[in-house]
Amino acid sequence: MKELAYLNKYFWKYRVKFFLGILFIVFTNLFAVYSPRIVRFAFDLVKEATQLYKAGSFPFYPNILADFEKNWGLTLKESLDFSSSEAALKTVGFLAVILGASYFVVYLVKGVFLFFTRQTIIIMSRNIEYDLKNEIFDQYQKLSPAFYKRNNTGDLMNRISEDVSQVRMYLGPGVMYTINLIFLFLFTITFMLQVNVELTLYVLAPLPIMSVLIYYVSTIINRKTKYKQEQQSYLSTLVQEAFSGIRVLKAYTREQVFAENFKGECEEYKRRSLDLVKVDALFFPIILLLIGLSTIITVYIGGMKSFAGEVTLGNIAEFVIYVNMLTWPFAAVGWVTSLIQRASASMRRIKEFLNTEPEIVNTVEEEQEIEGNISFKNVSFTYPESGINALKNVSFEINSGEVLAVVGRTGSGKSTLANLIGRLFEPQEGSIEIDGLDIRSHHLFNLRSQIGYVPQDVFLFSDTIANNISFGLKYKAEKEEIEQAAKDAHILENIQGFKKGFDTILGERGITLSGGQKQRVSIARAIIKKPKILIFDDSLSAVDTETEETILSNLKRIMKGRTSVLISHRISTVKHADKIIVLENGSIAEIGNHQSLLNKNGIYAEMHQQQLLEGVKEAS
Ligand SMILES: Nc1ncnc2c1ncn2[C@@H]1O[C@H](COP(=O)(O)OP(=O)(O)OP(=O)(O)O)[C@@H](O)[C@H]1O
């Protein structure tokens, strides 16, 4: 329950709906509790009128009507005719219709209030669900990439969907049924006690037992449902992987193995489902058994008391209805208790993420334009999860308008260096300065908005090509602007070749671009921003050298007066750079320009030689 206190701020936010909901619950139950009294009245009236009718002593006037008149200060006697047997029959029939109509009206009004209860409490719970999802999503967006490394996507998705749904069950049905039970119980008990204390106690005795039993059954059902859902998630993952990797699966002729594996897992799912069905089947019989028990007690004890003249026959009918009215709310106690337990566990999981402090935060108010001068001073960086020391004591400077190139073997720390410039990670040692100011003293989002980043593993959204290219812009891009970016990224012709051009949808339900096309759309996305710093993380690896030449010469024009960081394995990409860094195991092994590095005859010269030889081999 402690965990759920977090949600009180939302109850306060929607207090008007919440308090109106409580008011509607009160009215619903006030009307509900009067309906058994009408039945009692009808029973007792018919019984007395029948006795008098059989005795044949006309005219008569039933005592129950005289009492009713006295209690409500009415005078009905003149309008009700019991002077002859025909007249008595007609009058009793008329009264029965009136009582039936009153019963109907009471239920109608109760129904209207029930409708309003749901319109307030359930809507409140849906609003809170919406707010909570947004709160979690906002928090997710604040968390750094390191957090996403620590937690898998399935878990993140579960907390925002499955766990929030569990919490919603507490906010909606949980709260509604609890408040409903409190008022219904208070009203019903008051009415029942007025009739007969002893009978009330006997009749109510089985209900708490039912609550406890339902609680146990619900807990078992929840546990088994979770168990079944886990298997269902596993099956979904299995199917999803098989379809995503269908080409590999077919190429290695593993269809049969996969099918057998799937069958085995389906068997397990069936077993768990049937296991759940068995317990599920107990739920309603338990309720029915206990209602039956209470009804039998009502009729038996009520019958005895009726003989003794302590209660009327009408009271027995009245009590049977009370018992039925109380059954579901009492069953709900057990159900709601287990529901609250689940919601509490879910809330704990949600809070775990909500309370995670983002490692990288913005502490600066003022947004400023940057020039693009970058300086690394003895920067070292270790990935906390793996303990891999990816950068060691790295120092360099690059001025606005220059091109910095980073080369090195795979795993030498090139991408890590690129990520540090965008402040996606924070170095443990040393400092990074942009325009002479520590990177942490820049407005984080403003800084990132001035960086164009083309990551190594391109990611395109399931959206149109135009929207993918203009993704990073804060305004709606003009068509010409998007076309120019595509042209500069050397992808315009390809896009124009598609039937729907820039409106072509990419991704799962759209077309699949080739690796090189994807890279170039991603480049267009970065250059349309006209960034002050442009980072290419091995972004030309999937294009041929001719296309690479064109893109690089376009970049020269676009990036005039701005800073470019080119990460590559290819010497052809980096040879015109103003400064080239050669990384080796996270340290700078060589630094200089193309010519000076060739003169050094070190790693760079070796790479150059090797690539020249490969080029000659390919050409021959
Ligand atoms: N998110 C991460 N968590 C833990 N270790 C990482 C992470 N990213 C990279 N590493 C490790 O850090 C080291 C440097 O990786 P990095 O990606 O910077 O190399 P790279 O030079 O860009 O390699 P490549 O040329 O293959 O892209 C590698 O040993 C890698 O395994």
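Source: prediction; values computed, not measured.

So, the overall build of the chain
Assigned secondary structure in the chain consists of 22 helices and 10 strands. Taken over the C-alpha trace, the chain has a radius of gyration of 39 Å; the compact-globule value for 620 residues is 25 Å, which it surpasses by more than 25%. Principal-axis analysis of the C-alpha atoms gives the chain an extent of 130 × 55 × 50 Å. Looking at the chain as a whole, 46% of its 620 residues qualify as buried. In the chain, the share of contacts with a sequence separation of at least 24, taken over all contacts with a separation of at least 6, comes to 76%.

Some remarks on the side chain of glutamate 129
Within the secondary structure layout, glutamate 129 lies in helix H4 (residues 85–142). Beyond its immediate sequence surroundings of up to four residues, glutamate 129 is in contact with Val164, Ser165 and Arg168.

Considering the packing of aromatic side chains
Applying the stated criterion across every chain yields a total of 31 aromatic pairs. Aromatic side chains phenylalanine 183 and phenylalanine 187 sit 6.2 Å apart centroid to centroid with 40° between the ring planes, which places their arrangement in the tilted category. With phenylalanine 183 and phenylalanine 187 both in helix H7 (residues 162–195) and 4 residues apart, the pair spans about one turn of that helix. Judged by centre distance (5.4 Å) and plane angle (85°), the ring pair of tyrosine 383 and phenylalanine 425 falls under edge-to-face. Here tyrosine 383, found in the loop between strand E1 (374–382) and strand E2 (389–398), pairs with phenylalanine 425, found in the loop between helix H13 (414–421) and strand E4 (429–434); they are 42 residues apart in sequence, far enough to count as distant. Each member of the pair, tyrosine 383 as well as phenylalanine 425, carries the same accessibility label: buried. Every member of this aromatic cluster is reached through a ring pair, and the members are Phe24, Phe27, Phe31, Phe113, Phe115 and Phe116. Seen from the ring of phenylalanine 353, arginine 159 lies directly overhead, with NZ or CZ sitting 4.0 Å from the centre.

Here's the deal with the nonpolar core
Ranked by internal contacts, the top residues of the largest apolar core, which has 37 residues, are Met192, Met210, Ile214, Ile287, Phe319 and Leu326. Of all the elements in the fold, those that place two or more residues in this core are helix H2 (15–55), H7, helix H8 (197–204), helix H9 (206–244), helix H11 (255–307) and helix H12 (313–354). A per-element tally of this core places H12 first, with 9 residues. Those residues in contact with methionine 192 that sit more than four places away from it in its chain are Thr200, Val203, Leu204, Phe319, Tyr322 and Leu326. Counting 35 residues, the second largest nonpolar core, distinct from the first, contains Tyr10, Tyr140, Tyr177 and Leu339.

A word on the sheet that holds strand E10 (residues 587–592)
Strand order in the open sheet formed by 6 strands is E6-E7-E8-E3-E9-E10, and the pairing between neighbours is mixed. In this open sheet, the two edge strands, each paired with only one partner strand, are strand E6 (451–454) and E10. For this sheet the average axis-to-axis angle between neighbouring strands, irrespective of direction, equals 15°. As judged from the 5 bridges shared by strand E9 (residues 579–584) and E10, these two strands associate in the antiparallel manner. When the sheet's bridge partners are listed, valine 582 is paired in E10 with glutamate 590.

Section: the site of the ligand
Taken together, 16 residues are adjacent to the ligand, and Thr410, Lys414, Ser415, Thr416 and Gln456 come closest. Between glycine 411 and the ligand, the recorded distance is 2.8 Å, taken from a backbone N or O atom to an oxygen atom. In this structure, threonine 416 approaches the ligand through a side-chain N or O atom, which is 2.5 Å from an oxygen atom. Protein chains bury 74% of the 630 Å² of accessible surface belonging to the ligand in isolation.

A short note on the UniProt feature "domain: ABC transmembrane type-1" (unreviewed entry) in the chain
Under the local residue numbering, the UniProt record ascribes the feature "domain: ABC transmembrane type-1" (unreviewed entry) to residues 19–342. The span residues 19–342 is 89% helical and 0% strand by assignment, and the distance between its end C-alpha atoms comes to 25 Å.

Overview of a nonpolar patch on the surface
Residues Val16, Leu20, Leu23, Phe27, Leu30 and Tyr34 make up a contiguous nonpolar surface patch of roughly 510 Å² in combined accessible area. Locating leucine 20 in the fold gives a position in helix H2. Classification of leucine 20 by relative accessible area gives partly exposed; the value is 36%.

Focus: the pairing of E1
Where E1 lies against E2, 6 bridges are found, and the strand directions are antiparallel. Counted as the bridge partner of phenylalanine 376 is phenylalanine 396 from E2. Counting the residues in the hairpin turn of E1 and E2 gives 6 residues, including glycine 387, whose phi is positive at 75°. Note: E1 against E4, 5 bridges, orientation antiparallel. In the strand pairing of E4, isoleucine 374 is matched with isoleucine 434.

Points about the packing of H11 against H12
Axis separation between H11 and H12 bottoms out at 9 Å; the angle between their running directions is 155°. Judged by the angle between their axes, H11 and H12 are roughly antiparallel. Crossing of H11 over H12 shows right-handed handedness. Where H11 approaches H12, its residues Ile287, Ile291, Ser294, Thr295, Thr298, Val299, Gly302, Gly303 and Ser306 are matched on the opposing element by Leu313, Ile316, Phe319, Val320, Val323, Asn324, Thr327, Trp328 and Ala331.

As for the layout of surface pockets
Space inside the largest pocket adds up to approximately 2,000 Å³. Elements supplying a minimum of two residues to the lining of the largest pocket: H4, helix H5 (145–150), H13, helix H14 (444–449), E6, helix H18 (515–527) and strand E7 (533–537). Broken down by element, the residue count for the lining of the largest pocket peaks at 5 residues, all from H13. Counting contributing residues per domain, the lining of the largest pocket is built from domain 1 (1–195) and domain 2 (374–619), each supplying no fewer than three. In this structure, the second largest pocket encloses a volume near 1,100 Å³. Counting residues per element, the lining of the second largest pocket draws most heavily on H9, which supplies 12 residues. Class assignment for the residues of the lining of the second largest pocket results in 7 nonpolar, 17 polar and 8 charged.

What to know about the environment of threonine 91
Relative to the assigned elements, threonine 91 resides in helix H4. Spatially, the C-alpha atom of threonine 91 lies 15 Å from that of phenylalanine 43, the residues being 48 residues apart in sequence. Setting aside residues no more than four positions away along its own chain, threonine 91 makes contact with Leu80, Asp81 and Phe82.

Quick notes on the rules
- Residues numbered from 1 in each chain as written.
- Predicted model: local features only at pLDDT ≥ 70, side-chain atom pairs only at ≥ 80, totals over all residues.
- Heavy atoms only, no water.
- Helix = DSSP H or I, 4+ residues; strand = E, 2+ residues; numbered from the N terminus.
- Rg over C-alpha atoms; globule rule 2.2 N^0.38 Å.
- Buried < 20%, exposed > 50% of the residue type's maximum accessible area, 1.4 Å probe, protein only.
- Contact = heavy atoms within 4.5 Å.
- Phe/Tyr/Trp six-rings, centres within 6.5 Å; stacked < 30°, edge-to-face > 60°.
- Lys NZ or Arg CZ within 6 Å of the ring centre and 35° of its normal.
- Core = buried A, V, L, I, M, F, W, Y, C linked by side-chain atoms within 4.5 Å.
- Pairing = 2+ DSSP bridges.
- Axes fitted to C-alpha atoms, helices over the stretch in contact; angles between N-to-C directions.
- Near = heavy atom within 4 Å.
- Polar contact = N/O pair within 3.5 Å; in protein donor to acceptor, adjacent residues only side chain to side chain.
- Areas by Shrake-Rupley, 256 points an atom, 1.4 Å probe, with all protein chains shown as cover.
- UniProt positions renumbered as here; feature names shortened; annotations may be inferred.
- Patch = residues over 30% accessible without salt bridge, like charges linked within 9 Å, V, L, I, M, F, W, Y side chains within 5 Å.
- Salt bridge = Lys/Arg side-chain N within 4 Å of Asp/Glu carboxyl O.
- Parallel < 35°, antiparallel > 145°, perpendicular 65-115°, else oblique.
- Left-handed = near helix turned anticlockwise from the far one by under 90°.
- 1 Å grid on protein atoms, 1.4 Å probe; cavity = no way out; pocket = protein on both sides within 12 Å on 5 of 7 lines; lining within 4 Å.
- Points joined across faces, edges and corners; volume = space filled by probe spheres on them.
- Domains from an automatic or database assignment.
- Nonpolar A, V, L, I, M, F, W, Y, C, P; charged D, E, K, R; others polar.

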